[in-house]
Amino acid sequence: MTTPSYYAHGLRRMVGRSRDENHRAATPLELLFDLTFVAAFGIAGNELAHGIAEAHYGGAITGFLFAMFAIVWAWVNYSWFASAFDTDDWLYRVLTMVQMAGVIVLAIGLPRMFASIIEGAVVDNSIMVAGYVVMRVALIGQWLRAARGNPQYRVVAKSYALLVGIAQVAWVMVVILPLDLTGFLIAALIAGVLDIGAPIIAEEKGRRHGGMTPWNAHHIAERYGLLAIIALGETVLGTLAAARVLTDTEGWSISSIMVIGLGIVITFALWWSYFLIPSAHILAVRRSKAFPWGYGHFFVFTSIAAIGAGLHVIGYVYDEHYHVSTVVAIASIALPVLTYSLSLYLLHAWLVSAFAKNPVLQISALALPVVAIVMAMVGWPLWACLLLVTLSPVTVVVSFESGAWRTLDAQVDKAIRQATAVAATNKD
């Protein structure tokens, strides 16, 4: 009788995992990898909050959007590859460690990039791109392993390796060229298009020559949910940063109590509303929906992190060393909340091919952040305006739990039944 082995050794061929693998969940290695993004989100959020406090609105927002693109795209590249080809052998683990080092280097370069944009000098993203080079070299190595491991995925894997390399060369050129802000934005747009276009081109080549990557719908939906939770950590940190200043300057006043309470409520409501969308069940039968769904999450993650930065800005309102108005603080939270709500609404509509049939709810959720900014302009206290902003995601949650879930459930059920029927017809 052969004794079972409880440990994996050596190298394994990257033959591709089953896209229908049951009970596929995030691995401990993926969770460890995600920890590097906690740091990256934190630095980006702090830089945004400080830039707003210094009244460098345009530079701070531009730097934040660029930083979030770099951070989220680095995570996306790793997570989709892992969903399809994770072997968890020693070489896969080592290359993941190299990618983690790249994320840390990227995060180290964020303050320098923000400062160069705010100061209007030649944009300095050299350290960020150095981190990207580290990550991409490791990622290209993973794709070449996948190309060698299974002939079925050779074309798609080699296409990814080539296109990722081309995009990386473009980013290096952005560093080498002495570009002012305008030139940098144009060059970054070109490099970014090459970067985000790579998966679309590679998957299409794979579809025509053997096979597309076998990512697992339930696994990838869980991974996106975990990154949303990591981003939500910024709202907790933002609340804490504001609370420390408020309690130091005012003690336990109604303002400090309300800011702390509403910060936690808005965090919880954002979490609750995100997980109202059963993405995994739909992606499992409508895989063609994956690209817009995955790319659309950039706005979700960015808006969550920006909300955390906005909560941090509240602390600057009460800091005597800064001159931040209530209007600026509320706008820095309300506008990301508006973006978040709209993004979730459109993502759900895209997945089920139908818009939610509750216009009163949708208008209320989108209007409340705008009303909060108006009320701040007319002199309402900060905590009251923050309450209006918080009611936006809370309204969605309350409406869902009060019965709107039946409509959404029917839309999801219809989408799944239609996709299943089409798949059965095509098989016949």
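The structure contained in this document is the topic of the report that follows. (Residues numbered from 1 in each chain as written. Predicted model: local features only at pLDDT ≥ 70, side-chain atom pairs only at ≥ 80, totals over all residues. Heavy atoms only, no water.)

1. Observations concerning helix α1 (residues 28-53)
- With 26 residues, α1 should reach 38 Å at 1.5 Å per residue; the first-to-last C-alpha distance of 38 Å fits that figure.
- Following α1 by one or two positions, Ala55 adopts a phi angle in the positive range, close to 65°. (Helix = DSSP H or I, 4+ residues; strand = E, 2+ residues; numbered from the N terminus. Expected span 1.5 Å × (residues − 1).)

2. Considering a nonpolar patch on the surface
- A cluster of nonpolar side chains, namely Leu162, Ile166, Ile186, Ile190 and Leu194, defines an oily patch on the protein surface of about 470 Å² accessible area.
- Put simply, the parts of the chain that give the nonpolar patch at least two residues each are α6 (154-176) and α7 (181-208).
- Tallying contributions element by element places α7 first for the nonpolar patch, with three residues.
- Position of Ile186 among the secondary structure elements: in helix α7. (Patch = residues over 30% accessible without salt bridge, like charges linked within 9 Å, V, L, I, M, F, W, Y side chains within 5 Å. Areas by Shrake-Rupley, 256 points an atom, 1.4 Å probe, with all protein chains shown as cover. Salt bridge = Lys/Arg side-chain N within 4 Å of Asp/Glu carboxyl O.)

3. Comments concerning the pattern of salt bridges
- Going through the model one piece at a time under the given rule, you end up with 11 salt bridges.
- The salt bridge involving Glu30 is made with Arg223; its shortest N-O contact spans 3.5 Å. In this pair, Glu30 is assigned in helix α1 and Arg223 in helix α8 (residues 217-250), connecting sequence segments 193 residues apart.
- The exposure class of Glu30 is buried, given its relative accessible area of 0%.
- With a relative accessible area of 0%, Arg223 lands in the buried category.
- Between Glu204 and Arg208 there is a salt bridge whose closest N-O contact spans 3.4 Å. Of this pair, Glu204 and Arg208 both sit in helix α7, four residues apart, roughly one helical turn. (Buried < 20%, exposed > 50% of the residue type's maximum accessible area, 1.4 Å probe, protein only.)

4. Some details on unusual backbone geometry
- Even without glycine at this site, Ala55 takes up a positive phi of about 65°.
- Within the secondary structure layout, Ala55 lies in the loop between α1 and α2 (57-85).
- For Ala55, a relative accessible area of 45% translates into the label partly exposed.
- Positive phi, normally seen in glycine, also occurs at Asp88, with a value near 60°.
- Counting through the fold element by element, Asp88 comes out in the loop between α2 and α3 (90-108).

5. A closer look at α6
- Across its 23 residues, α6 extends 33 Å between first and last C-alpha, which sits within 8% of the 33 Å expected from 1.5 Å per residue.
- Buried within α6 we find Val156, Ala157, Ser159, Tyr160, Ala161, Leu163, Val164, Ala167, Gln168, Ala170, Trp171 and Val174.
- In this structure, the buried side of α6 is in contact with α2, α5 (126-149) and α7. (Contact = heavy atoms within 4.5 Å.)

6. Describing the packing of α2 against helix α11 (residues 290-317)
- Look at α2 against α11: their axes get within 10 Å of each other, and the N-to-C directions meet at 135°. Our classification of the angle between α2 and α11 gives oblique. α11 is crossed by α2, and the crossing has right-handed handedness. Together, Phe64, Leu65, Met68, Phe69, Val72, Trp73 and Trp80 of α2 and Ala290, Trp293, Tyr295, Phe298, Phe301, Thr302, Ala305 and Ala306 of α11 make up the contact between the two elements.
- In terms of residue class, the contact of α2 with α11 is built from 14 nonpolar, one polar and no charged. (Axes fitted to C-alpha atoms, helices over the stretch in contact; angles between N-to-C directions. Parallel < 35°, antiparallel > 145°, perpendicular 65-115°, else oblique. Left-handed = near helix turned anticlockwise from the far one by under 90°. Nonpolar A, V, L, I, M, F, W, Y, C, P; charged D, E, K, R; others polar.)

7. Focus on the packing of aromatic side chains
- Under the defined criterion, the tally for this structure stands at 26 aromatic pairs.
- Between the aromatic rings of Phe33 and Tyr78, the centroid separation amounts to 3.9 Å while the plane-to-plane angle is 25°, which identifies the pairing as stacked. A residue pair is termed long-range when its members are at least 10 positions apart, and Phe33 in helix α1 and Tyr78 in helix α2 qualify at 45 residues.
- Judged by its relative accessible area of 0%, Phe33 is buried.
- When the ring of Trp73 is compared with that of Tyr295, the centres are 5.7 Å apart and the planes differ by 55°; the resulting orientation is tilted. Placement of the pair is Trp73 in helix α2 and Tyr295 in helix α11, with a sequence separation of 222 residues. (Phe/Tyr/Trp six-rings, centres within 6.5 Å; stacked < 30°, edge-to-face > 60°.)

8. Remarks on the nonpolar core
- Judged by nonpolar contacts, the single largest core of 125 residues is most densely connected at Phe41, Trp143, Tyr224, Ile314, Ile330 and Ile333.
- If one sorts the elements of this core by residue count, α2 sits on top with 19 residues.
- Contacts of Tyr224, omitting those with residues within four sequence positions, involve Trp75, Val76, Trp80, Tyr274, Trp293, Gly294, His297 and Phe301. (Core = buried A, V, L, I, M, F, W, Y, C linked by side-chain atoms within 4.5 Å.)

9. Some points on the environment of Ile230
- Take Ile230: it is sitting in helix α8.
- Sequence separation of Ile230 and Ala305 is 75 residues, and the distance between their C-alpha atoms is 9.1 Å.
- Those residues within four positions of Ile230 in sequence are excluded, and the remaining contacts are Asp34, Phe37, Val38 and Phe41.

10. Considering the packing of α11 against helix α12 (residues 326-352)
- With their axes 8 Å apart at the nearest point, α11 and α12 run at an angle of 160° to one another. By the angle between their directions, the pair α11 and α12 is classed as roughly antiparallel. The interaxial crossing formed by α11 with α12 has left-handed handedness.
- The residue inventory of the contact of α11 with α12, partitioned by class, reads 20 nonpolar, seven polar and no charged.

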